[in-house]
Amino acid sequence: MKKYFALLVAISFIFILAVGCGDPEDIDTEAPDQEAETEEVEDKQVVMGINPEYNTFDPAHAYEKSATMIMKVLYDNLVTFEGEDTVTPRPMVAESWEISEDNKTYTFDLQEGIEFTTGNTLTAEDVKWSFERARDLKGNPSFLAENIKEIETPDDYQVVITLHEVDPSFLSKLTQSVFGILDSQVVQEQGGTQDDETDDAKSWLDNHSAGSGSYILDKFVPNDELILVKNDDHWATQPEIDRVVFRHVSEPSTQMMMLQKGDIDFAFDLDSEQIEMLKGDENVEILNSNTFSIFWFHMNMDPEIGGPVSEPKVQQAIRYALDYDGLTDLAGNDAFTPYSIMPVGFLGALDPEDGIEQDVEKAKQLLEEAGYPDGFEIETGVIPGMAPDGVSFMTMAEKIQADLAQVNITMNISQEEVSIYLEKYRSGEHQTNVSMWGPDFPDALNQLAFLPGQTVGLRANWTEEMNPELAELGHQARTEVDDEARKELLEEIQRQVLETGPYAVFVQPVRALAHSNDLTHVLYTPAFQLDILTLDRQ
Amino acid sequence: MGLFQYTVRRILFLIMVLIGVTIAAFIISNTVPGDPLVANLGQTAMSDPEIVERYERRWGLDRSLPEQYLIYMSNLLQGDMGTSIRSQRPVIDDLKQYFPATFELATLATLLSIIFGLIFGIISAVKRNKLIDHFVRAISVTGISMPAFWLALMSLYLFYFLLDIAPGSGRLSADFSGFSLQTGFLIIDSISAGRFDILKNALYHMILPALVLAGATMGIITRTVRSSLLDVMSQDYLRTARAKGLNETVVIMKHALLNALIPTLTIFGLSYGNLLGGTVLVESIFDYPGLGWYAYISATTLDFPAIMGATILIALVYSVMNLLVDVTYGIIDPRVRY
């Protein structure tokens, strides 16, 4: 036993010595085969610190918000948005396109001579195969492609897509990662099919890219790291950064320390307090970016579930009772209150200045008219410990609780675990809750989900029959292809929702990120997050 | 009963425990409220009945609970642990990725806690009620009572941020980020690739989280060693040993310590098992992609196959460690009868 003990101690001391002798600064100079590494060090590398939710890079499955910026550089799409614009799609793989008179058929002429990173040439057949796979695998983002009825390829460089229904947001959807164009030959060699029962390429696509993008997926270890390397032969763009490393750093406080020490160049998940603390650091720059997310107080229209909050007058009273300035202050980073359900940045979004303002007296008067002069008690579902885009659900709920107390409404916060909250929310069982919505694709039509009879509307049990006029406006906006007419419809919808909808929209967050000050051309957009293509370092 | 028969009986018992664990884990994870669909599908995808139906069929969520369990068990016996709903990879691949990281960390932490626990325990017992005893006891109480996540954050702030003598989070520095793992064990892979720079970097990254993890166990070991050593030291045979004229070091190290170690052995086994499953907070702060983190994230997304996989693996390691402890008991103390 004594021998074993001595051995144990000896091993441990050798171990500790080995570690103790290691100086972090000179470790990488002692490598035996360091020559290849030294060359890489001369390349421009950027290290990101991120707590990502992405777990796949197969275009037919990837849907997580943080995957968007990665997919955008791995795969080319037919069309794209440039910079912060989300209204005018620009040519990418498609040189030009035409839309038929009935607005259901799109004919795309493709750029010739584009090569995948595998060396194969991109043709119309690849576009057809990729889009059909995206639609038929029924993955998370497949709904974006389900309106596609038929895809024809008259020749190698022309694609004709016919839709089931008119969809003015179709081009906008085509910019999304689900429509990334795959090298169909390579993916089929890796077991790829267009049927979810037989497709076997996903695990391969999680570790390799099969696109024609500006970067190649070099390595992905879930919850550890993701490495992208530049595609030197890209047909259109030559980004400055040769290698992008995404390191999984789940704790925001660790991200902050690593950024200040120079171990990472970009911190994605800092909260507003940490951003404030970094403002004095001369090596760090803060970047504010608009988001397309909105937060709102959700009220149930079903009298049996909603009780008093199902009444329009009470809903209006609650909208007047909220202290919007206080809420946006708490949300931090220059967050603001949008006019209604349309986030600023989307077509037709009304000016936030014209929106609702707090008026406690008016709220009390409305409650009296509704027959509740002494107020009432409500229950509000809230997810604790979550702060999407840096806005804490709990903080918002507590502020709303204080605001409603001023008009004698007693709000009891029910803290719910995420999946339980989502299940109740989805089945419309919450009397009230604090909710957040981020759009699936960067187009105003997303927000029509808030209308009666639609996804979010139904979660408040707001059916089409309750407001057929508003529902009809939504149907018109959904098929109106003239931007000006669509804009007018969307404006009218926002006005009516602000008057009659079961929502009190209170915050559109502004996301703050921090990066080292030697990074230049940092562009962060709400639609695609960080633009890796423009990034450079001094 | 001989040692061999005892060991065989314990292994059979272990298999029964594991079956029990699968049943318990299956029932608990399936009866907690919450729907894996909402945790794993997007809002708009959830509104599409066809996507929802295919998803349920694909993950077997449309079948009854006993049916799901029987399918799972028959697959398990063929070595198939299913596919994780969240990562959409075979659970066995996930475990192969996360287990080695935790295994390396927990082993180092246990090693450190044994060394420091023994040294502190012996000092504390021999110098009973002296100043050094109080000092050592204060350290052990601190180790036990300090929340691991707080200790982790503070040590990172102090040793990494302020003093710059420890590295930041992760298993390796970003300069080595392209290094591909074969077995998942960085120590083994770096040695077999002849990359001692990577070995050094990996150990360097491991030392701080391991020390934090060792804190609590070290405290318990110190206290146990101290009390059992004090107990043994008051016994007659030690007085005899001293009366024979043996020097005090031999008395303590040879005659007292071995007997005092028997109760401590149980703690080694249990704490090792605990470390494997209970490293979630420390793993999260140091961004050490390990099993504790995987189990936690699987539970929060109701990823049934992953929950089952992680539970079975942790239970297996825990049971094996206990088995080893029990067998070792018999070897070092022949008085133990089976």
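Everything numeric here is computed off the predicted structure, so don't read it as measured data.

(A) A look at the overall build of chain B. In terms of helices and strands, chain B carries 15 helices and zero strands. Structurally, chain B occupies a C-alpha span of about 85 × 55 × 40 Å along its principal axes. Counting only residues that meet the buried cut, chain B has 52% of its 338 residues in that class. Across chain B, the fraction of contacts at a sequence separation of at least 24, relative to all contacts at a separation of at least 6, is 72%. Roughly 15200 Å² of accessible area belongs to chain B as shown, and the carbon and sulfur atoms make up 67% of that amount. Averaging the coordinates of the 24 positive side-chain charges in chain B and doing the same for the 24 negative ones gives two points 16 Å apart.

(B) Looking closely at the sheet that holds strand E10 (residues 243-248) of chain A. Residue and element names in this part refer to chain A. If you trace the seven strands from one edge of the open sheet to the other, you get E8-E9-E10-E1-E11-E18-E12, paired in mixed fashion. On the outer flanks of this sheet lie strand E8 (215-221) and strand E12 (284-290), each paired with one strand and no other. Looking at chain direction, E8 and strand E9 (residues 225-230) are connected through six bridges and run antiparallel. Across the sheet, the residue bridging to tyrosine 215 is lysine 230, located in E9.

(C) The environment of aspartate 156 of chain A, seen in detail. All names here are of chain A. Looking at where aspartate 156 falls in the secondary structure, it is placed in the loop between strand E6 (148-155) and strand E7 (158-163). Classification of aspartate 156 by relative accessible area gives partly exposed; the value is 48%. Taking C-alpha positions, aspartate 156 is 29 Å from phenylalanine 441, a pair spaced 285 residues apart along the chain. The residues contacting aspartate 156, other than those within four sequence positions of it, are Leu110, Thr123 and Ala124.

(D) Local environment of the confidence of the model for chain A. Residues and elements named next belong to chain A. Confidence along chain A averages 88 in pLDDT terms, with 92% of residues attaining 70 or more. With pLDDT under 50 throughout, residues 1-10 is counted as low confidence; its partners more than four residues away or in other chains account for eight contacts. Across residues 12-41, confidence stays below pLDDT 50; counting only partners more than four residues off in sequence or on other chains, it has 32 contacts.

(E) Looking closely at the domain arrangement of chain B. Domain parsing of chain B yields domain 1 (3-76) and domain 2 (100-289). Taking only C-alpha atoms, the centre of domain 1 of chain B and the centre of domain 2 of chain B are 36 Å apart.

(F) The arrangement of the packing of helix H11 (residues 312-321) of chain A against helix H13 (residues 360-369) of chain A in detail. Residue and element names in this part refer to chain A. The contact between H11 and H13 brings their axes to 8 Å, and the two run at 165°. With respect to each other, H11 and H13 are oriented roughly antiparallel. Crossing handedness for the pair H11 and H13: left-handed. Residues Lys313, Val314, Gln316, Ala317, Tyr320 and Ala321 of H11 touch H13, and the partners they reach there are Val360, Lys362, Ala363, Leu366, Leu367 and Glu369. Along the lines of polarity and charge, the residues of the contact of H11 with H13 split into eight nonpolar, one polar and three charged.

(G) Just helix H12 (residues 324-331) of chain A, in detail. Residue and element names in this part refer to chain A. All of the buried residues along H12 are Tyr324, Gly326, Leu327, Thr328 and Ala331. Each element contacted by the buried residues of H12 is listed here: H11, helix H14 (393-405) and strand E17 (503-507). Of the residues trailing H12, glycine 332 is marked for its positive phi of about 75°.

(H) Quick peek at the pairing of strand E13 (residues 294-299) of chain A. Residue and element names in this part refer to chain A. Across the six residues of E13, six count as buried, placing the element largely inside the fold. The alternating pattern of E13 places Ile294, Trp296 and His298 and Phe295, Phe297 and Met299 on opposite faces, both of which are buried. By the bridge criterion, six bridges tie E13 to strand E16 (residues 432-437) in an arrangement that is antiparallel. Along E16, the bridge assignment pairs isoleucine 294 with tryptophan 437. Pairing geometry for E13 and E17, over four bridges, is antiparallel. Bridge pairing in E17 links phenylalanine 295 to valine 507.

(I) Up close: the pairing of strand E15 (residues 409-415) of chain A. Residue and element names in this part refer to chain A. Here seven bridges tie strand E14 (residues 376-382) to E15, and the two strands are oriented parallel to one another. Residue glycine 381 lies in a different strand from E15, and its bridge partner there is serine 414. One crossover worth recording links E14 to the parallel E15 by way of H14, and it is right-handed.

(J) A look at the sheet that holds E17 of chain A. Residues and elements named next belong to chain A. Strand order in this open sheet of five strands is E15-E14-E16-E13-E17, and the pairing throughout is mixed. The open sheet is flanked by E15 and E17, the only strands paired with a single partner. With direction set aside, neighbouring strand axes in the sheet form an average angle of 30°. Where E14 meets E16, two bridges bridge the pair, whose relative direction is parallel. Residue pairing in the sheet places glycine 381 in a bridge with asparagine 433 of E16. Of the strands in this sheet, E13, E14, E15 and E17 touch H11, which is tilted by about 145° from E13. Sheet strands touched by helix H15 (residues 418-426): E13, E14 and E16. Its angle to E16, the strand with the most contacts, is close to 100°.

About the criteria used
- Residues numbered from 1 in each chain as written.
- Chains lettered and ligands numbered in written order.
- Predicted model: local features only at pLDDT ≥ 70, side-chain atom pairs only at ≥ 80, totals over all residues.
- Heavy atoms only, no water.
- Helix = DSSP H or I, 4+ residues; strand = E, 2+ residues; numbered from the N terminus.
- Buried < 20%, exposed > 50% of the residue type's maximum accessible area, 1.4 Å probe, protein only.
- Contact = heavy atoms within 4.5 Å.
- Areas by Shrake-Rupley, 256 points an atom, 1.4 Å probe, with all protein chains shown as cover.
- Lys, Arg positive; Asp, Glu negative; His and termini not counted.
- Charge placed at Lys NZ, Arg CZ, Asp CG, Glu CD.
- Pairing = 2+ DSSP bridges.
- pLDDT = per-residue confidence, 0-100.
- Domains from an automatic or database assignment.
- Axes fitted to C-alpha atoms, helices over the stretch in contact; angles between N-to-C directions.
- Parallel < 35°, antiparallel > 145°, perpendicular 65-115°, else oblique.
- Left-handed = near helix turned anticlockwise from the far one by under 90°.
- Nonpolar A, V, L, I, M, F, W, Y, C, P; charged D, E, K, R; others polar.
- Right-handed = clockwise from strand over helix to strand, strands pointing away.

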